[in-house]
Amino acid sequence: MTLFELKNKIEQKEARLAVIGLGYVGLPVACVFAEAGFNVLGIELRYERVENINSGILPMDGEEPGLAEVLSRAISSGKLKASTDYQELRNNDVILIAVETPVDSHNIPHYEALRASLCALGAEIRPGTLVIVESTIAPGTMSEVVLPILEQESRLKANQDFFLGNCPERVMPGKLLKNIRTISRVVGGMTPETASTIKALYAHIVKADLDPTDCVTAELVKTAENAYRDVQIAFANEVALICEAAGGNVWDVRELVNKSPGRQMLMPGAGVGGHCIPKDPWLLAYGAKEKDVPVRLIPAARAVNDGMPHHMVQIVERALMSAGRVLKESRILVMGYSYLENSDDIRNSPSESMTRELRQSGAQVRIHDPFVKDFNGDVAELANGCHAIVAMVRHNEYLHLDLSELRSRMHTPILVDGRHLYDEKKARQAGFIYYGVGIGTGEE
Ligand code: SAJ
């Protein structure tokens with residue numbers, strides 16, 4: 001089948017779609033294409049996940065408005081089917097790849113899942129197949145990894161027998177469905193005709209700009225947009241550290257800085273977690289790998305942000321010392337364990353590394369998080385007898401706590417605020433000894 005014929009089938013919704021990887025990216029996009037009228041095959045290695053999906057059960061925690069309903073309709077209409085069998089891919093015209101693309105401990109892309117899916121897919125693709133990578137990948141990956149593996153495994157020629165593109169996702173936990181439908185996407189194609197064909201496909205589900213371009217631009221845009229955010233947050237964190245040393249209040253500083261035209265200082269805090277911001281800057285940096293490009297800002301920003309959980313430990317240590325205590329044997333309540341407010345996602349959570357360091361220093365640490373099953377419970381009860389509370393995540397529940405009641409339960413009323421949950425004056429009025437990221441106490 002030619003690309004022209006495939007584009008017609010796509011426009012008629014007759015093209016048979018497949019999605020490899022039914023995680024927080026692949027499953028929603030498979031559901032939305034099925035809802036749009038396409039026949040969609042989902043390929044997923046985890047057998048239990050396949051079973052759940054084929055039973056119309058959403059295999060993910062957290063609140064994803066509308067997704068369970070869309071999945072149920074897609075399954076009951078027969079438009080979506082999940083399988084573990086890659087061989088079923090040979091009947092498909094368009095194949096999306098949405099597998100994980102982490103970096104390893106040396107911040108080098110770890111493409112094991114991507115390579116494995118490409119090898120298995122390569123054996124099944126036929127002339128006329130269009131393969132689209134949705135995963136976030138380092139600049140150069142499409143031409144240096146994806147294309148060679150598919151040509152080798154299929155013995156077909158890219159851009160002649162089969163077609164390739166990179167259409168990075170822009171989903172966020174808690175807004176998976178909404179984002180797929182309403183956020184613009186970069187549509188990278190190995191050829192302009194391929195980009196145009198991919199645009200015709202996503203036009204069925206995306207009510208926002210679809211910007212056609214080449215693959216390397218698509219790879220650069222996705223990794224740069226998240227590296228940009230990481231650097232912005234690192235700047236806010238560095239200003240916070242300076243405010244502490246200079247006896248200033250970073251929240252006042254930030255508010256006044258942002259009154260200056262064209263400034264938009266983000267929020268300092270206890271650290272940067274999640275599945276994309278800590279990782280994508282390294283994927284962008286890897287794009288400069290062999291060239292002698294001095295990549296300095298991205299690693300520096302990562303170091304600032306990764307240093308914030310340790311900075312929280314330093315504040316706790318200093319606060320306890322002012323109260324005549326040391327970390328060892330002190331009871332500390334950590335409020336918030338997920339990486340983001342009102343989310344149950346704990347990937348790369350700043351609380352995880354901070355808690356580990358507190359425990360290594362001999363502190364007794366209690367953890368509360370209303371969204372993370374292992375840490376539910378009554379936050380006021382957990383405060384009983386504690387020497388310090390460390391607020392790490394801005395969950396709505398914490399914003400409305402009775403601080404006086406909380407203080408009354410504590411042995412030593414130290415409150416260390418990592419996300420500006422509380423007003424310093426009100427916390428002090430409630431009886432707390434208040435410390436906050438970016439707020440200088442004026443003490444030596
Ligand atoms: N954070 C700060 N200060 C800020 C903003 C965030 O410390 O001003 C921290 C958060 O607490 C969290 C981490 O950074 O630990 C990441 O937060 P995030 O708001 O960036 O949320 P994510 O990780 O879900 O990022 C996603 C990204 N979306 C995609 O990759 C498709 C990112 O591009 C979006 O900008 C972001 O959502 C968003 O704006 O919600």
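Scroll up for the structure.
Residues numbered from 1 in each chain as written. Predicted model: local features only at pLDDT ≥ 70, side-chain atom pairs only at ≥ 80, totals over all residues. Heavy atoms only, no water.

1. A word on the overall build of the protein
Part 1: Secondary structure summary: the protein contains 18 helices and 13 strands in total.
Part 2: Computed over the C-alpha atoms, the radius of gyration of the protein is 25 Å, within 12% of the 22 Å expected from 2.2 N^0.38 for a compact globule of 444 residues.
Part 3: With respect to the three principal axes, the spread of C-alpha positions in the protein is 75 × 50 × 40 Å.
Part 4: The buried share of the protein, taken over its 444 residues, is 52%.
Part 5: Taking the contacts inside the protein whose residues are at least 6 apart along the sequence as the reference set, 72% of them involve residues at least 24 apart.
Part 6: Of the roughly 19400 Å² of accessible surface on the protein, a fraction of 52% belongs to carbon and sulfur atoms. (Helix = DSSP H or I, 4+ residues; strand = E, 2+ residues; numbered from the N terminus. Rg over C-alpha atoms; globule rule 2.2 N^0.38 Å. Buried < 20%, exposed > 50% of the residue type's maximum accessible area, 1.4 Å probe, protein only. Contact = heavy atoms within 4.5 Å. Areas by Shrake-Rupley, 256 points an atom, 1.4 Å probe, with all protein chains shown as cover.)

2. Observations regarding the site of the ligand
Part 1: The local shell around the ligand holds 20 residues, among which Asn 226, Arg 229, Met 267, Gly 273 and Tyr 339 are the closest.
Part 2: In this structure, an oxygen atom belonging to the ligand sits 2.9 Å away from a main-chain N or O atom of Gly 273.
Part 3: In the complex, the protein chains occlude 87% of the 740 Å² of accessible area that the ligand would expose alone.
Part 4: Within the shell around the ligand, the residues separate by chemical class into 11 nonpolar, 3 polar and 6 charged. (Near = heavy atom within 4 Å. Polar contact = N/O pair within 3.5 Å; in protein donor to acceptor, adjacent residues only side chain to side chain. Nonpolar A, V, L, I, M, F, W, Y, C, P; charged D, E, K, R; others polar.)

3. Some words on the layout of surface pockets
Part 1: If you add up the space inside the second largest pocket, you get close to 160 Å³.
Part 2: For the second largest pocket, the full set of lining residues is Arg 16, Leu 17, Asn 39, Val 40, Leu 41, Gly 78, Lys 79, Leu 80, Lys 81, Glu 88, Asn 91 and Asn 92.
Part 3: Of all elements in the fold, only β2 (40-43) and β3 (80-83) reach the threshold of two or more residues within the lining of the second largest pocket.
Part 4: Counted by class, the lining of the second largest pocket contains 4 nonpolar, 4 polar and 4 charged residues. (1 Å grid on protein atoms, 1.4 Å probe; cavity = no way out; pocket = protein on both sides within 12 Å on 5 of 7 lines; lining within 4 Å. Points joined across faces, edges and corners; volume = space filled by probe spheres on them.)

4. Considerations on the sheet that holds strand β13 (residues 433-436)
Part 1: Taking strand neighbours across the sheet as the criterion, the 5 strands line up as β10-β9-β11-β12-β13 in an open arrangement whose pairing is parallel. With one partner strand each, in any of the chains shown, β10 (364-368) and β13 form the two edges of the open sheet. Between one strand axis and the next, the sheet turns through 20° on average, direction left out of account.
Part 2: Here strand β9 (residues 331-335) runs beside β10; their pairing, made up of 5 bridges, is parallel. Pairing of Arg 331 across the sheet is with Gln 364, part of β10. (Pairing = 2+ DSSP bridges. Axes fitted to C-alpha atoms, helices over the stretch in contact; angles between N-to-C directions.)

5. Some words on unusual backbone geometry
Part 1: If you check the backbone angles, Lys 13 has positive phi at about 60° while not being a glycine.
Part 2: Among the structural elements, Lys 13 can be located in the loop between α1 (3-11) and β1 (17-20).
Part 3: For Lys 13, a relative accessible area of 35% gives the class partly exposed.
Part 4: Positioned with a positive phi, Asn 107 is a non-glycine residue whose angle comes to about 65°.

6. Some thoughts on the pairing of β9
Part 1: Of all 5 residues that make up β9, 4 are buried, and the element is covered over most of its length.
Part 2: After leaving β9, the chain enters helix α14 (residues 350-360) and then returns to the sheet as β10, a path that is right-handed.
Part 3: With 4 bridges joining them, β9 and strand β11 (residues 388-391) adopt parallel strand pairing. Along β11, the bridge assignment pairs Leu 333 with Ile 389. (Right-handed = clockwise from strand over helix to strand, strands pointing away.)

7. Some details on the nonpolar core
Part 1: Core analysis: the largest hydrophobic core is formed by 54 residues, its most contacted members being Ile 332, Leu 358 and Tyr 422.
Part 2: At 7 residues, helix α13 (residues 308-322) tops the list of elements feeding residues into this core.
Part 3: Apart from the residues lying within four places of it in its own chain, the contact partners of Tyr 422 are Met 335, Ala 391, Tyr 398, Leu 401, Leu 403, Leu 415, Asp 417 and Tyr 434.
Part 4: Core analysis: the second largest hydrophobic core is formed by 47 residues, Val 19, Leu 27, Ile 53 and Val 187 among them. (Core = buried A, V, L, I, M, F, W, Y, C linked by side-chain atoms within 4.5 Å.)

8. Quick word on the pattern of salt bridges
Part 1: Evaluated as defined, the whole model comprises 19 salt bridges.
Part 2: With a shortest N-O distance of 3.3 Å, Asp 93 and Lys 9 are connected by a salt bridge. In this pair, Asp 93 sits in the loop between β3 and β4 (94-97) while Lys 9 sits in helix α1, placing the two residues 84 residues apart along the sequence.
Part 3: Owing to a relative accessible area of 22%, Lys 9 belongs among the partly exposed residues under this scheme.
Part 4: One salt bridge in this structure joins Arg 73 and Glu 35, with 2.9 Å as the shortest N-O distance. Of this pair, Arg 73 sits in helix α4 (residues 67-76) while Glu 35 sits in helix α2 (residues 26-35), and the two are 38 residues apart along the sequence.
Part 5: Classification of Glu 35 as partly exposed rests on a relative accessible area of 37%.
Part 6: Within this structure, Lys 9, Arg 16, Asp 93 and Arg 126 form a network of salt bridges that share partners. (Salt bridge = Lys/Arg side-chain N within 4 Å of Asp/Glu carboxyl O.)

9. Observations concerning the pairing of strand β6 (residues 163-166)
Part 1: Of the two faces of β6, the one lined by Phe 163 and Gly 165 and the one lined by Leu 164 and Asn 166 are each fully buried.
Part 2: When strand β5 (residues 130-133) meets β6, the two strands line up parallel, connected through 4 bridges. In the sheet register, Val 131 faces β6, and the bridge partner there is Leu 164.
Part 3: Handedness of the crossover joining β5 and β6 through helix α6 (residues 141-154): right-handed.
Part 4: By the bridge criterion, 2 bridges tie β6 to strand β7 (residues 185-189) in an arrangement that is antiparallel. Directly across from Asn 166, in β7, lies its bridge partner Gly 188.

10. Here we look at the packing of aromatic side chains
Part 1: All told, the structure shown has 3 aromatic pairs when counted by the stated rule.
Part 2: Here Tyr 337 and Phe 375 contribute two aromatic rings whose centre-to-centre distance is 4.7 Å and whose plane-to-plane angle is 55°, an arrangement assigned as tilted. Linking Tyr 337 in the loop between β9 and α14 with Phe 375 in the loop between β10 and α15 (379-382), this pair joins segments that are 38 residues apart in sequence.
Part 3: What makes Tyr 337 buried here is its relative accessible area of 11%. (Phe/Tyr/Trp six-rings, centres within 6.5 Å; stacked < 30°, edge-to-face > 60°.)

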